[in-house]
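Structural description and commentary
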Amino acid sequence: MQQERKIKLHTLQEVKDFVLAATTCDFDVDVCYNRVVVDGKSILGILGMDLNRVLTVQFSGCNNGFEDILDKYSVA
């Protein structure tokens with residue numbers, strides 16, 4: 001089942017924490033903004049996005065550590 005969460009990453013350390021958590025997932029993690037979609041496991045891909053915007057994370061698996069990171073950076 002496809003899940004979607006809205007997050008905001010402000011600093012390089014937050015991006016690193018997110019990517020580190022995403023790499024532990026055995027399923028795809030996509031980060032989207034407008035029509036741009038990048039691999040959530042790619043630090044360069046995420047750093048290339050506009051981090052002033054709210055990002056949408058799409059994933060289709062369950063990983064408690066990853067979901068904890070999503071909760072940490074979640075926006076309403």
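Before reading further, recall that the structure is shown in the block above.
Residues numbered from 1 in each chain as written. Predicted model: local features only at pLDDT ≥ 70, side-chain atom pairs only at ≥ 80, totals over all residues. Heavy atoms only, no water.

Moving on, we come to the pattern of salt bridges. Inspection of the entire model under this criterion finds two salt bridges. Across the pair D71 and R5 runs a salt bridge whose closest N-O atoms are separated by 2.4 Å. In this pair, D71 is assigned in helix 3 (residues 64–73) and R5 in strand 1 (residues 3–7), connecting sequence segments 66 residues apart. On the basis of relative accessible area, D71 is assigned to the partly exposed category, the value being 48%. In this structure, R53 and D50 form a salt bridge, with 3.3 Å as the shortest nitrogen-oxygen distance. The class for R53 is partly exposed, based on a relative accessible area of 41%. Relative accessible area serves as the criterion here: at 31%, D50 is assigned to the partly exposed category. (Salt bridge = Lys/Arg side-chain N within 4 Å of Asp/Glu carboxyl O. Helix = DSSP H or I, 4+ residues; strand = E, 2+ residues; numbered from the N terminus. Buried < 20%, exposed > 50% of the residue type's maximum accessible area, 1.4 Å probe, protein only.)

With that out of the way, let us pick up the side chain of T56. When you line up the elements, T56 lands in strand 4 (residues 55–59). Looking at T56, its side chain comes within polar contact range of the side chain of K6, at 2.9 Å. Discounting chain neighbours no more than four positions away, the residues touching T56 are E4, R5, K6, D30, V31 and C32. (Polar contact = N/O pair within 3.5 Å; in protein donor to acceptor, adjacent residues only side chain to side chain. Contact = heavy atoms within 4.5 Å.)

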